[in-house]
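# A closer look at the structure
One-letter residues, chain by chain:
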Amino acid sequence: MVGNRAVAYIEPSIVEVRDIGFPDLVLRDGPGVNPLNVGRKCNHGVILKVVTTNICGSDQHMVRGRTTAPSGLILGHEITGEVIEVGRDVEFIKKGDLVSVPFNIACGRCRSCKERNTHICANVNPDRPGSAYGYVDMGGWVGGQSEYVMVPYADFQLLKFPDKDQAMEKIKDLTMLSDIFPTGYHGAVSAGVKPGSTVYIAGAGPVGLAAAHSAQLLGAAVVIVGDLNGERLAQARSFGCETVNLREHPHLGEQIEQILGIPEVDCAVDCVGFEASGHGVNAGEAPATVLNSIMQVTRAGGRLGIPGLYVTGDPGGIDEDAKIGTLKVRLGLGWAKAHTFVTGQTPVMQYHRDLMAAILSGRAQIAKAVNATVISLDEAPMGYQKFDKGVARKYVIDPHGLVK
């Protein structure tokens with residue numbers, strides 16, 4: 001019997017690689033699995049041999065203890081793999097196919113899916129619309145930072161790469177299609193980026209870098225990236241972005257004016273989320289900082305893309321309001337400036353095919369933009385530690401040693 005090893009959340013700041021059961025086409029009980037999903041038959045699913053699976057910034061929220069994730073939860077929602085087993089109801093996906101898995105699980109049958117809103121599928125999470133692999137309160141689907149994983153609704157969800165050899169040559173780019181690249185792109189599209197736009201990207205982590213690269217692909221004239229981490233800002237400059245260091249200079253509008261001549265941009269993207277820090281040398285956590293600052297610097301009538309994660313339960317919140325996702329957002333400011341806000345998970349399937357074509361043609365070089373760095377499954381705990389300290393890398397886990 002083939003075994004299976006996976007990255008599990010143990011307690012705040014601790015993850016470890018554990019032996020777990022080989023997946024089958026039934027959702028079994030386990031840490032974080034919604035009881036109403038236990039025993040769910042997935043004859044429409046497949047088993048994948050995981051080729052690459054990435055560490056995501058949203059995984060870090062759980063690992064820091066900032067969610068209600070249970071001990072033993074198997075992590076990982078950014079999955080690329082080879083199909084090794086197909087369910088009896090799968091018609092179009094075949095054994096041997098190399099595929100990208102959208103992080104948000106979607107049935108393809110409900111109203112939301114039929115309207116292309118696969119991020120709020122009504123049928124995969126008994127608690128509320130929307131689901132994901134290896135994530136707290138998302139239905140309990142087993143994560144993919146593992147050697148093997150089960151993926152439901154295969155015919156609808158999976159993006160098959162047309163040529164396996166070509167795909168493996170660009171696998172460090174293509175692995176970003178499961179989440180980070182579509183998420184960054186969605187942030188830029190939601191913000192209304194178009195040729196000639198001036199854009200502010202809050203956050204120079206992997207999603208922020210992906211949003212910045214996406215803004216460039218969409219034709220932005222100037223992309224400005226703001227962060228508190230000098231190493232990450234240097235990575236943004238490496239592919240042509242302007243940068244502002246908000247630890248050294250807390251006044252965002254003044255820094256934007258130094259670059260553009262005016263203290264505002266056409267649009268902005270929040271790639272930070274609820275663990276935001278205030279600006280300045282000694283600033284502490286201030287979860288509404290990014291939302292309020294991007295309203296301040298975005299012109300009247302502009303748009304705000306908000307792919308940064310905000311939660312309804314944060315045990316580590318700075319006050320009782322923050323612990324339930326109630327933040328001191330200056331909605332009146334956004335209202336007065338007639339801003340448009342776009343929030344929520346990214347509907348990956350709206351974008352992943354086009355972004356795959358951009359990668360395969362050489363137009364998009366997302367792995368270079370986010371500094372993709374391949375590690376083994378056993379190195380995953382190290383990757384989490386370094387990522388948490390702000391290293392300017394996107395860690396790609398290679399469970400089987402297949403990436404050259």
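About the thresholds
- Residues numbered from 1 in each chain as written.
- Predicted model: local features only at pLDDT ≥ 70, side-chain atom pairs only at ≥ 80, totals over all residues.
- Heavy atoms only, no water.
- Phe/Tyr/Trp six-rings, centres within 6.5 Å; stacked < 30°, edge-to-face > 60°.
- Helix = DSSP H or I, 4+ residues; strand = E, 2+ residues; numbered from the N terminus.
- Buried < 20%, exposed > 50% of the residue type's maximum accessible area, 1.4 Å probe, protein only.
- Pairing = 2+ DSSP bridges.
- Contact = heavy atoms within 4.5 Å.
- Axes fitted to C-alpha atoms, helices over the stretch in contact; angles between N-to-C directions.
- Polar contact = N/O pair within 3.5 Å; in protein donor to acceptor, adjacent residues only side chain to side chain.

## A look at the packing of aromatic side chains
Within this structure, the stated rule accounts for 2 aromatic pairs. For the pair Phe22 and Tyr148, a centre-to-centre distance of 5.0 Å together with 50° between the ring planes defines the contact as tilted. Of this pair, Phe22 sits in the loop between strand 2 (14-20) and strand 3 (26-27) while Tyr148 is found in strand 8 (residues 148-151), placing the two residues 126 residues apart along the sequence. Given a relative accessible area of 13%, Tyr148 falls into the buried group. Consider the rings of Tyr185 and Tyr351, whose centres lie 5.5 Å apart with planes at 70°: the pair is edge-to-face. One end of the pair, Tyr185, is in helix 6 (residues 180-190); the other, Tyr351, is in the loop between strand 15 (340-343) and helix 12 (352-360), with 166 residues separating them in the sequence. Residue Tyr185 is classed as buried on the basis of its relative accessible area of 19%. According to the relative accessible area criterion, Tyr351 is buried, its value standing at 9%.

## Thoughts on the pairing of strand 6 (residues 79-86)
Relative to strand 6, strand 5 (residues 46-54) is paired through 7 bridges, and the arrangement is antiparallel. From the neighbouring strand, Thr53 faces strand 6, where its bridge partner is Ile79.

## Thoughts on the environment of Asn123
Mapped onto the elements, Asn123 comes out in the loop between helix 2 (111-114) and strand 8. Residue classification places Asn123 among the partly exposed residues on the basis of a relative accessible area of 38%. Placed 13 residues apart in sequence, Asn123 and Cys110 show a C-alpha to C-alpha distance of 6.9 Å. If near-sequence neighbours (up to four positions away) are discounted, Asn123 is found in contact with Arg40, Cys107 and Cys110.

## Regarding the sheet that holds strand 13 (residues 265-270)
Strand order across the open sheet formed by 6 strands is 12-11-10-13-14-15, with parallel pairing between neighbours. Looking at the sheet topology across the chains shown, the edges are occupied by strand 12 (242-245) and strand 15. Taken pair by pair, the neighbouring strands of this sheet meet at an average axis angle of 20°, ignoring direction. Taken together, the 4 bridges between strand 14 (residues 298-306) and strand 15 define a ladder with parallel strand orientation.

## Some words on the environment of Thr346
With respect to the helices and strands, the residue Thr346 is situated in the loop between strand 15 and helix 12. On the accessibility criterion, Thr346 (2% relative accessible area) is buried. Spatially, the C-alpha atoms of Thr346 and Pro182 are 7.1 Å apart, while their sequence positions differ by 164 residues. Apart from residues no more than four positions distant in its own chain, Thr346 is found in contact with Phe103, Asn104, His119, Pro182, Thr183, His186 and Tyr351.

## Considerations on helix 10 (residues 289-297)
For helix 10, a buried count of 8 out of 9 residues is recorded, marking the element as mostly surrounded by other parts of the structure. All of the buried residues along helix 10 are Thr289, Val290, Leu291, Asn292, Ser293, Ile294, Met295 and Val297. Those residues of helix 10 hidden inside the fold are in contact with strand 10 (198-202), helix 9 (252-260), strand 13, strand 14, helix 11 (331-336) and strand 15.

## What to know about the side chain of Thr53
Structurally, Thr53 can be placed in strand 5. According to the relative accessible area criterion, Thr53 is buried, its value standing at 0%. Polar contacts involving the side chain of Thr53 include one to the main-chain carbonyl oxygen of Glu78, which spans 3.0 Å. For Thr53, the contacting residues outside a window of four places in its chain are Glu78, Ile79, Gly144, Gln145, Ser146, Thr175, Val396, Ile397 and Pro399.

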